[in-house]
Amino acid sequence: MGTRTQLNVIRQQRGLPASEVAKLAGVSRQTIYAIEAGDYVPNTALALQLAKILEVRVEDLFQLEGDAPNVPAPFAVDLISNQGPVRKGQPVQLCRVGKRTVGVSALPQPMLPTADGVIVENSSRSQQASVQVFQNDLDDTKRLLIAGCDPGISLLAQHLGRFNDVDMVMAPSSSHQALEWLKESKVHVAGSHLRDLSSGEYNLPTIKRLFPQGAVKVVTFAVWEQGLVVAAGNPKNIRAIEDLARKNIRIMNREKGAGSRELLDRLLQQAGIDAARLTGYERIAYGHLPAALSVSIGDADCCIATRSAARAFGLGFVPLATERYDLVVRRQFSGLPAVEALIDTLNRAVIRRKLETLAGYDTRHTGEVLVG
């Protein structure tokens, strides 16, 4: 009886070229291609090595002809997304949040996205879908779902993955959306940088309106700068909010509920400028990095985003405001090992140095508990 293999499929899902798999396995690239074509059956040692490299079981890679592949059955998940309706076949990452299994659209990368499965059925009337997972390996003690818009969170995710074996799933969203998802217990942690107009205080007034006393823990992540992100060298000499009303300036805006959009609207109002005068005001980017990317590729002349987003693309930056970005945790999740590792990491010097050096953040209050 012959064998069939899923090596090519799983290798491409991991975004690994055949040459890299061959190098890690200690064989030639031609051997990998021969295995994938079914012309060569690997010995036990090589099969085990390939399974280890691709982080799957041997039986996920190879099956006897006639055997039905061991594919987990699709199951229902709650979906969260700030980018409109999802589609069948869309890759998703999954995370258990309390009794829920929550799906987040896998972020596009310069390679195939990291994903746990794909949507096989979805409803346009509800935020639920049936997902076909690649394998049943969700560990709710080692996976953390955090919603928000801070580019610097990726540095925290890298540290937790390397030193604490915690896999962080990030759901891009505005601050308002992140807090709503936290209220619905769809995420473990929400990030927020919302300024209360009456008091000038960040986050706490909004959090107190949304959550009963004692329901959440609030910890400072960092203090950052938001401002005008412009092309390198600032060729159009954009220096102030008033310059955005010039006819030769195209902007990229953020979605409603985003702190960046609220900052733009507040400054326009203070300057007495009608938003309708801004070319591109109706164009939306979902996040600081996508907004900065639009400037980087010449699709816009300016956007409102963080200094870290400007740094990521080598762009110019004109500061407008200093804001505090806080992490909000539901009390029921604060005892999870992954959440405890997150809070502990915020108090480590190495993560503060990374945030200061790579993102330009002020970390003097990082890890400070504002609401216990």
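Since the model is a prediction, treat every value here as computed from it, not as a measurement.

Calculation notes
- Residues numbered from 1 in each chain as written.
- Predicted model: local features only at pLDDT ≥ 70, side-chain atom pairs only at ≥ 80, totals over all residues.
- Heavy atoms only, no water.
- Core = buried A, V, L, I, M, F, W, Y, C linked by side-chain atoms within 4.5 Å.
- Buried < 20%, exposed > 50% of the residue type's maximum accessible area, 1.4 Å probe, protein only.
- Contact = heavy atoms within 4.5 Å.
- Pairing = 2+ DSSP bridges.
- Helix = DSSP H or I, 4+ residues; strand = E, 2+ residues; numbered from the N terminus.
- Axes fitted to C-alpha atoms, helices over the stretch in contact; angles between N-to-C directions.
- Salt bridge = Lys/Arg side-chain N within 4 Å of Asp/Glu carboxyl O.
- Phe/Tyr/Trp six-rings, centres within 6.5 Å; stacked < 30°, edge-to-face > 60°.
- Arc of directions from axis to C-beta.
- Disulfide = S-S within 2.5 Å.
- Parallel < 35°, antiparallel > 145°, perpendicular 65-115°, else oblique.
- Left-handed = near helix turned anticlockwise from the far one by under 90°.
- Nonpolar A, V, L, I, M, F, W, Y, C, P; charged D, E, K, R; others polar.

Comments concerning the nonpolar core
Point 1. Leu145, Leu156, Met168, Phe221 and Leu327 are the most contacted members of the largest nonpolar core, which totals 52 residues.
Point 2. Those residues within four positions of Leu156 in sequence are excluded, and the remaining contacts are Met168, Phe221, Leu342, Thr345, Leu346 and Ile351.
Point 3. Counting residues in hydrophobic clusters, the runner-up holds 19 residues, among them Ile241, Leu244, Leu267 and Cys302.

Digging into the sheet that holds strand β3 (residues 75-80)
Point 1. One closed barrel holds the five strands; their spatial order is β3-β5-β4-β6-β7, and the pairing between them is mixed. Strand after strand, the sheet turns through a mean of 55° between neighbouring axes, direction not considered.
Point 2. Pairing geometry for β3 and strand β7 (residues 128-133), over four bridges, is antiparallel. Each residue of the ladder has a partner; that of Asp78, found in β7, is Gln128.

What about the side chain of Ser173?
Point 1. Looking at the secondary structure, you find Ser173 in the loop between β9 (167-172) and α7 (175-183).
Point 2. In this structure, Ser173 is in contact with Asn82, Ala147, Gly148, Cys149, Ala178, Trp181 and Glu255, ignoring residues within four places of it in sequence.

Structural notes on the pattern of salt bridges
Once their charged atoms are close, side chains differing in charge can pair, the charge on each being opposite to the other.
Point 1. Applying the stated criterion to the full structure yields 18 salt bridges.
Point 2. Note that Arg57 is salt-bridged to Asp60, the shortest N-O span being 3.0 Å.
Point 3. Judged by relative accessible area, Arg57 falls into the partly exposed class, the value being 39%.
Point 4. Accessibility expressed as a relative area gives 13% for Asp60, which makes it buried.
Point 5. A salt bridge links Asp362 to Arg364; the shortest N-O distance between them is 2.6 Å.
Point 6. Via salt bridges that share partners, Asp116, Arg143 and Asp167 belong to a single interconnected network.

Observations concerning the pairing of strand β15 (residues 316-330)
Point 1. For β15, a buried count of 12 out of 15 residues is recorded, marking the element as mostly surrounded by other parts of the structure.
Point 2. For strand β10 (residues 189-192) and β15, the ladder comprises four bridges, and the chain directions are antiparallel. The partner of Val189 across the bridge, within β15, is Val329.
Point 3. Sheet analysis places strand β11 (residues 216-230) next to β15, joined by 14 bridges and oriented antiparallel.

Considerations on the packing of aromatic side chains
Point 1. Inspection of every chain in the model, using the stated rule, returns four aromatic pairs.
Point 2. Ring centres of Trp224 and Tyr361 lie 6.0 Å apart, and the angle between their planes is 65°; on these two criteria the pair is classed as edge-to-face. Residue Trp224 is located in strand β11, and its partner Tyr361 is located in the loop between α13 (349-359) and β16 (369-371); the two are separated by 137 residues in the primary sequence.
Point 3. Here Trp224 falls in the buried class, since its relative accessible area comes to 2%.
Point 4. With a relative accessible area of 5%, Tyr361 lands in the buried category.
Point 5. What links up through ring pairs into an aromatic cluster is the set Phe221, Trp224, Tyr325 and Tyr361.

Some thoughts on helix α2 (residues 18-25)
Quick reminder: α-helices carry 3.6 residues per turn. Residues three or four places apart thus point the same way.
Point 1. Of all the positions in α2, only Ala18, Val21, Ala22 and Ala25 are classed as buried. Projected onto a plane normal to the axis of α2, the buried residues spread over an arc of 100° and lie on a single side.
Point 2. On its buried face, α2 is in contact with α1 (7-13), α3 (29-37) and α4 (44-54).
Point 3. Positive phi appears at Gly26, one or two residues downstream of α2, with a value of about 75°.

Some thoughts on the environment of Ile238
Point 1. In this structure, Ile238 sits in the loop between β11 and β12 (251-254).
Point 2. For the pair Ile238 and Gly280, spaced 42 residues apart in the sequence, the C-alpha separation amounts to 15 Å.
Point 3. Excluding residues within four positions of it along the chain, Ile238 makes contact with Leu228, Val230, Asp243, Leu244, Ile249, Asp301, Cys302 and Val318.

Things to note about the state of the cysteines
Point 1. Following the criterion strictly, the structure yields zero disulfides and no others.
Point 2. Free of any disulfide, Cys302 has its nearest neighbouring cysteine sulfur in Cys303, separated by 6.2 Å.

Re α13
Point 1. The set of residues buried in α13 consists of Ile351, Leu355 and Ala359. Projection of α13 onto a plane perpendicular to its axis shows the buried side chains occupying an angular sector of 40°, all on one side.
Point 2. For α13, the secondary structure elements touched by its buried residues are α6 (153-163), β11, α11 (307-312) and α12 (337-346).
Point 3. Within two residues after α13, Gly360 carries a phi angle of roughly 75°, on the positive side.

Remarks on unusual backbone geometry
Glycine aside, residues mostly have negative phi, and peptide bonds are mostly found in the trans state.
Point 1. Even without being glycine, Glu55 reaches a positive phi, approximately 60°.
Point 2. Counting through the fold element by element, Glu55 comes out in the loop between α4 and α5 (58-61).
Point 3. Given a relative accessible area of 61%, Glu55 falls into the exposed group.
Point 4. Within the chain, Ser185 stands out as a residue other than glycine whose phi angle is a positive 60°.
Point 5. Within the fold, Ser185 resides in the loop between α7 and β10.
Point 6. For Ser185, a relative accessible area of 15% gives the class buried.

Thoughts on the packing of α2 against α4
Each pair of packed helices can be summarised by the angle the axes make with each other and by the distance between the axes.
Point 1. Two numbers describe how α2 lies on α4: the axes approach to 10 Å, and their chain directions differ by 120°. Taken together, the axes of α2 and α4 are oblique relative to one another. Where α2 crosses over α4, the handedness of that crossing is right-handed. Contacts between α2 and α4 pair Val21, Leu24 and Ala25 from the former with Leu46, Gln49, Leu50 and Ile53 from the latter.
Point 2. Considering only residue class, the contact of α2 with α4 consists of six nonpolar, one polar and no charged.

Purely geometric numbers; function is a separate question.
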